[in-house]
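In case you want the letters, here they are:
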Amino acid sequence: EPEVTQTPSHQVTQMGQEVILRCVPISNHLYFYWYRQILGQKVEFLVSFYNNEISEKSEIFDDQFSVERPDGSNFTLKIRSTKLEDSAMYFCASSEGQGAHTGELFFGEGSRLTVL
Amino acid sequence: DAKTTQPPSMDCAEGRAANLPCNHSTISGNEYVYWYRQIHSQGPQYIIHGLKNNETNEMASLIITEDRKSSTLILPHATLRDTAVYYCIVRVPNTGGFKTIFGAGTRLFVKA
């Protein structure tokens, strides 16, 4: 069964450093998303991406964050100048479409980011 | 998207049916009900969705009341691996800025 893959599974970084989290969505999917989950809290929407541009972003997704689809398979989340509060699990997701029967999200296993 | 209300936690005995309720009294006519679950620290997993008819797949059944103001997700024979947080989400397809918003969900504990 096709799946969303994420790398790295765990990254430890120093405060102020830049990190790039990588995702390979399911190959025929057209919509891509990043979510994050701080330990013990809800899954929070960060950004959605379609047709090579951001469709929507949350208040969390400020200038510190950026997304890119550098080639036909990867979808990346860059976090600049990391802060302690960026420590979280980051989930990538993709969907085939946005319709009633194509809008289901398929999530990766997540990348755990620890900022020291 | 309409707001949903779910109990924070529920218990279920292994092998019994788990019935997870969701209230969505402000649902509009074109909003679908989606269910996802998140097993400890893993990415959320899509389970099932429906508009007004009851739906069943290999994972679960979804029962939507006739007035569509509430629904129940049924796991017919719960196993220990079904222990997870279950999210009920209401949204209109093809709208909403391409985002699915997760609430607090119901934490289901399946006990041996």
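When you go through chain B residue by residue, the secondary structure sums to 0 helices and 9 strands. In sequence order, the secondary structure elements of chain B are arranged as β-β-β-β-β-β-β-β-β. Since a compact globule built from 112 residues should have a radius of gyration of about 13 Å, the 13 Å found for chain B is in line with a globular shape. In chain B, buried positions account for 44% of the 112 residues. Summarising the internal contacts of chain B: among those between residues at least 6 apart in sequence, 58% fall at separations of at least 24. Approximately 5600 Å² of chain B is accessible, and the part contributed by carbon and sulfur atoms is 51%.

The next point concerns the overall build of chain A. From N to C terminus, chain A includes 0 helices and 11 strands. Going from N to C terminus, chain A has its helices and strands arranged as β-β-β-β-β-β-β-β-β-β-β. Radius of gyration (C-alpha) of chain A: 13 Å, near the 13 Å computed for a compact globule of 116 residues. Each principal axis of the C-alpha atoms in chain A carries an extent, and together these give about 40 × 25 × 25 Å. By residue count, 47% of the 116 residues in chain A fall in the buried class. Across chain A, the fraction of contacts at a sequence separation of at least 24, relative to all contacts at a separation of at least 6, is 53%. Carbon and sulfur atoms make up 46% of the accessible area of chain A, which amounts to about 5700 Å² in all. Averaging the coordinates of the 9 positive side-chain charges in chain A and doing the same for the 16 negative ones gives two points 6 Å apart.

Attention shifts here to the packing of aromatic side chains. Taken as a whole, this structure holds 14 aromatic pairs over all chains when the rule is applied. Here the aromatic rings of Tyr35 of chain A and Phe102 of chain B are separated by 5.7 Å at their centres, their planes lie at 85 degrees, and the arrangement is edge-to-face. Here Tyr35 of chain A, found in strand E4 (residues 31–37), pairs with Phe102 of chain B, found in the loop between strand E8 (84–91) and strand E9 (106–111), and the two come from separate chains. Given the relative accessible area of 4%, Phe102 of chain B is considered buried. Each ring, one from Phe107 of chain A and one from Phe102 of chain B, has its centre 5.9 Å from the other, and the planes form 75 degrees; the classification is edge-to-face. In this pair, Phe107 of chain A sits in strand E10 (residues 106–107) while Phe102 of chain B sits in the loop between E8 and E9, so the two residues belong to two different chains. Among the residues examined, Phe107 of chain A registers a relative accessible area of 10% and is labelled buried. Clustering of aromatic rings is evident, with ring pairs tying together Tyr35, Phe45, Phe91 and Phe107 of chain A together with Tyr36, Tyr46, Tyr87 and Phe102 of chain B.

In this section: the pattern of salt bridges. Residue and element names in this part refer to chain A. Going through the model one piece at a time under the given rule, you end up with 4 salt bridges over all chains. When the shortest N-O distance is used, the salt bridge between Arg36 and Glu44 registers 3.0 Å. Residue Arg36 is classed as buried on the basis of its relative accessible area, which comes to 11%.

Turning our attention to unusual backbone geometry. Residue and element names in this part refer to chain A. Residues Thr7 and Pro8 are joined by a peptide bond in cis, for which omega reads -10 degrees. Of note, Pro8 is situated in the loop between strand E1 (5–7) and strand E2 (10–13). Of note, Asn51 is a non-glycine position whose phi angle comes to about 55 degrees, a positive value. As for its position among the elements, Asn51 is in the loop between strand E5 (43–50) and strand E6 (53–57). Take Asn51: its relative accessible area is 59%, and that puts it in the exposed class. Non-glycine residue Asn52 carries a positive phi angle of around 65 degrees.

About the criteria used
Residues numbered from 1 in each chain as written. Chains lettered and ligands numbered in written order. Predicted model: local features only at pLDDT ≥ 70, side-chain atom pairs only at ≥ 80, totals over all residues. Heavy atoms only, no water. Helix = DSSP H or I, 4+ residues; strand = E, 2+ residues; numbered from the N terminus. Rg over C-alpha atoms; globule rule 2.2 N^0.38 Å. Buried < 20%, exposed > 50% of the residue type's maximum accessible area, 1.4 Å probe, protein only. Contact = heavy atoms within 4.5 Å. Areas by Shrake-Rupley, 256 points an atom, 1.4 Å probe, with all protein chains shown as cover. Lys, Arg positive; Asp, Glu negative; His and termini not counted. Charge placed at Lys NZ, Arg CZ, Asp CG, Glu CD. Phe/Tyr/Trp six-rings, centres within 6.5 Å; stacked < 30°, edge-to-face > 60°. Salt bridge = Lys/Arg side-chain N within 4 Å of Asp/Glu carboxyl O.

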